[in-house]
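Observations on the three-dimensional arrangement
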Amino acid sequence: MTGGTAMAIELGRRRLQRAVASGGTAPTVVIVGGGLSGLAMAAQLRRSGVTGVTVFERSGGVGGTWRDNTYPGAGCDVPSHLYSFSFARKSDWSRRYADQPEILGYAESLVDRFDLGASLRLSTTVTSAHYDDECARWRVDFEGPDGPGELEADVLVLACGQLNRPAIPDLDGLEGFTGPAWHSARWDHTVDLAGTRVGVIGSGASAIQFVPRVAAEAGHVTIFQRTPNYVAPKRDRAYQGVERRLLEGVRPYELLYRWCIYWGLELRWPVFRRPGLAGRLLGRTFRRKLRAGVVSERLPGPAIVPDYPVGCKRILISNEWYPALLRPDVDVVTAPVTRVEEDAVVTGDGERHPVDVLIFGTGFETTSFLSHVPVRGVGGVSLADAWRGGARAHLGITVPGFPDCFLLYGPNTNLGHNSILFMVERQVNWVLQALAVRAGAAAAAGVPGATATVGVRHDVADRYDRWTQRLAARTTWAAGCTSWYKNTAGRITNNWPSWTVRYWLDTLVVRRRDLDVEAVVVDRHREDAPDPQMATG
Ligand code: NAP
């Protein structure tokens, strides 16, 4: 299937190349976000012959989440060989689960590999985007090193990710805390933690990676934990000797290895379905092992044994988490945090926990997709209005009323069991094909200067959304636990609720009948219209 992904990407690329060659003009494209998904989109557009591509990235470099998260111990919990795109595979990973610097290096390498340097606008934040009905184009406002500007483009790709806006709880008294305090995704490397008393709020995927490293350095660590997680062993190892040479030098071996990882992960999907024997058995095994091996006087059952179904929150992997919790200089506090004082955290049981440094491993704003970038579609309708009640998009990619606008890693495309890069590739393939349909429609109009717009039909998107939510209701995410996968109303907005094979099939070929395709002739030389791709600012 991962080889299949490559074929499908080629399908999208070839369709677009053919459409452009047979008379359809290549679109100009603005991509918002220079993370892995934005880079994949830019690379594949370039390979399809589309040269008018601009990637806006608010930070000073590419890599997205892998650039933001530099905390000690940061790494990926998906095996490395499935954490590269099938069209840009990396065969020389140093270990089975790569650390952040190696993944960031991979992201940065894509810039040279696909010659994307000239397309990048770094340190530039997109402040808003709106669809100009008369011009049938997107106008994108941005704030860059030289001030504000506007850029006009045929197509807008929003590749902003789901985990990019740190969530810091609004704790009473926090502003009066006198020590250093930061979020895991904004690590302050200037602070020497040696000998300090560190308070960590949160015990999710990020915390389980940095707490063991912090504990090894600090004088004392207090973890303020709201909910325990299921933490499985991490079968990590460095690639060495023959194995490394095979992976690097024998392409069929590396492909087979990648394929085995994919299916190994994919076959875990039944764990996430309800009612499910697989999940129940796995949960029982987990809890039995925890009671036998970790539960102790220092770590009583309620502090570490989850009371919700396995998979409801992300299943974590670490060999260091429980040993760190068992250290004499680490405390797990389960009473809720009620307030922060200038040098302490106070919990609901009245205890005052003195701390010198406060670290938030409290996750991200995940369900309010893109609320930080006002995006307006046809008739000035905003994405925020279209998403009242919860973010939704057809295949996670396209929203009715927002023609020529595509999302990558959008609503209902996150995974709990496989590689997100697989999903992103599927989305890129779909977008390339939609652009091919667009270019074909413009060429078929047979009028000089004609263009076309493409977007999903309302009824198709509604039907798909109902189906997705029906499936989501039958997953373990809908069970009684809090998680970043669902909004306050309980709607599962973030995760794909099926096999990734199903997503592969659904995104394999763009169905023309699902789309609103319109050929339009517009006056691109209105006085107030900025020149295409002429950015000001
Ligand atoms: P997270 O998994 O959402 O964990 C946030 C933690 O903060 C939870 O323990 C949560 O408790 C706690 N929390 C939130 N608000 C709180 C409050 N007001 N008081 C006390 N505790 C509070 O966030 P994350 O650890 O940053 O990870 C987010 C996602 O990033 C992961 O699920 C994963 O998809 C991704 N990630 C991936 C990797 C990787 O290896 N690929 C590594 C790191 C992160 P509750 O559980 O009770 O809500």
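Note that this is a predicted model, so its numbers are computed, not measured.

**Side note on the state of the cysteines**
The final tally for this structure, using the stated rule, is 1 disulfide. With a sulfur-sulfur separation of 2.0 Å, Cys312 is cross-linked through a disulfide to Cys481. Here the disulfide of Cys312 and Cys481 is left-handed, its torsion about the S-S bond being about -95°. In this pair, Cys312 sits in the loop between helix H9 (301-304) and strand S12 (316-317) while Cys481 sits in the loop between helix H13 (458-473) and helix H14 (500-506), placing the two residues 169 residues apart along the sequence. As far as burial versus exposure is concerned, Cys312 and Cys481 are alike and both buried. Of the cysteine sulfurs around Cys135, a residue in no disulfide, the closest is that of Cys405, at 17 Å. Of all cysteine sulfurs in the structure, the one in Cys160 sits closest to Cys405, which takes part in no disulfide; the separation is 9.9 Å.

**Digging into the layout of surface pockets**
For the second largest pocket, the calculated volume is near 880 Å³. Lining the second largest pocket are 36 residues, and of these Ala232, Pro233, Arg268, Ile315 and Ile317 sit closest to its centre. Breaking the lining of the second largest pocket down by element, the ones donating at least two residues are strand S11 (231-232), helix H7 (251-266), helix H8 (277-293) and helix H10 (321-325). Of the residues forming the lining of the second largest pocket, the biggest block, 5 residues, is contributed by H8. Of the residues that constitute the lining of the second largest pocket, the class distribution is 21 nonpolar, 7 polar and 8 charged.

**Let's talk about a positive patch on the surface**
Taken together, the side chains of Arg235, Arg268, Arg280, Arg284, Arg288 and Lys289 make up a positively charged region of the molecular surface. Position of Arg284 relative to the elements: it lies in helix H8.

**Focus: the site of the ligand**
Taken together, 23 residues lie around the ligand, and Gly75, Ser206, Thr227, Lys313 and Trp484 are the ones closest in. At 2.9 Å, a backbone N or O of Asp77 approaches an oxygen atom of the ligand. Here an oxygen atom of the ligand and a backbone polar atom of Gly204 are 3.5 Å apart. In terms of domain composition, the shell around the ligand takes at least three residues from each of domain 1 (2-165 + 365-521) and domain 2 (174-230 + 275-308 + 313-360).

**Side note on the pattern of salt bridges**
Using the criterion set out here, one finds 29 salt bridges in the structure. Among the salt bridges present, the one from Arg137 reaches Asp154, with a minimum N-O distance of 2.7 Å. Placement of the pair is Arg137 in strand S5 (residues 137-144) and Asp154 in the loop between strand S6 (147-153) and strand S7 (155-158), with a sequence separation of 17 residues. One exposure class covers both Arg137 and Asp154, and it is buried. A salt bridge links Arg457 to Asp459; the nearest nitrogen and oxygen atoms lie 2.4 Å apart. Residues participating in the shared-partner salt-bridge network are Arg339, Glu341, Asp343 and Arg352.

**Focus: empty space enclosed by the protein**
Within the structure shown, the criterion is met by 2 cavities of 30 Å³ or more. What the largest cavity holds in volume is close to 110 Å³. Taken together, 15 residues form the lining of the largest cavity, with Cys160, Gly161, Gln162, Phe369 and Leu370 sitting closest to its centre. Across the lining of the largest cavity, the residue classes tally to 7 nonpolar, 6 polar and 2 charged. In this structure, the second largest cavity encloses a volume near 50 Å³. Taken together, 10 residues form the lining of the second largest cavity, with Leu82, Arg258, Leu421, Phe422 and Glu425 sitting closest to its centre.

**Description of the sheet that holds strand S16 (residues 352-354)**
Spatially, 3 strands are ordered S14-S15-S16 in an open sheet, and the strand pairing comes out antiparallel. The open sheet terminates on both sides in strands that have one partner only, identified here as strand S14 (337-341) and S16. Direction aside, the axes of adjacent strands within the sheet are offset by 25° on average. Sheet analysis places S14 next to strand S15 (residues 344-347), joined by 4 bridges and oriented antiparallel. For Val337, the partnering residue across the bridge sits in S15 and is Thr347.

**Brief notes about the confidence of the model for the chain**
When pLDDT is averaged across the chain, the result is 93; 97% of the residues are at 70 or more. Between residues 527-537, whose pLDDT stays under 50, and residues either more than four places distant or in other chains, the model counts 31 contacts.

**Observations regarding the sheet that holds strand S3 (residues 120-121)**
One open sheet holds the 5 strands; their spatial order is S3-S2-S1-S7-S19, and the pairing between them is parallel. Both outer strands of the open sheet, S3 and strand S19 (405-407), are each paired with one neighbouring strand and no more. In terms of strand pairing, strand S1 (residues 29-32) meets S7 through 4 bridges, oriented parallel. In the sheet register, Ile31 faces S7, and the bridge partner there is Val157. Where helix H2 (residues 36-47) meets the sheet, it contacts S1, strand S2 (53-56) and S7, and its direction lies at approximately 160° from that of S1.

About the criteria used
Residues numbered from 1 in each chain as written. Predicted model: local features only at pLDDT ≥ 70, side-chain atom pairs only at ≥ 80, totals over all residues. Heavy atoms only, no water. Disulfide = S-S within 2.5 Å. Helix = DSSP H or I, 4+ residues; strand = E, 2+ residues; numbered from the N terminus. Buried < 20%, exposed > 50% of the residue type's maximum accessible area, 1.4 Å probe, protein only. 1 Å grid on protein atoms, 1.4 Å probe; cavity = no way out; pocket = protein on both sides within 12 Å on 5 of 7 lines; lining within 4 Å. Points joined across faces, edges and corners; volume = space filled by probe spheres on them. Nonpolar A, V, L, I, M, F, W, Y, C, P; charged D, E, K, R; others polar. Patch = residues over 30% accessible without salt bridge, like charges linked within 9 Å, V, L, I, M, F, W, Y side chains within 5 Å. Areas by Shrake-Rupley, 256 points an atom, 1.4 Å probe, with all protein chains shown as cover. Salt bridge = Lys/Arg side-chain N within 4 Å of Asp/Glu carboxyl O. Lys, Arg positive; Asp, Glu negative; His and termini not counted. Charge placed at Lys NZ, Arg CZ, Asp CG, Glu CD. Near = heavy atom within 4 Å. Polar contact = N/O pair within 3.5 Å; in protein donor to acceptor, adjacent residues only side chain to side chain. Domains from an automatic or database assignment. Pairing = 2+ DSSP bridges. Axes fitted to C-alpha atoms, helices over the stretch in contact; angles between N-to-C directions. pLDDT = per-residue confidence, 0-100. Contact = heavy atoms within 4.5 Å.

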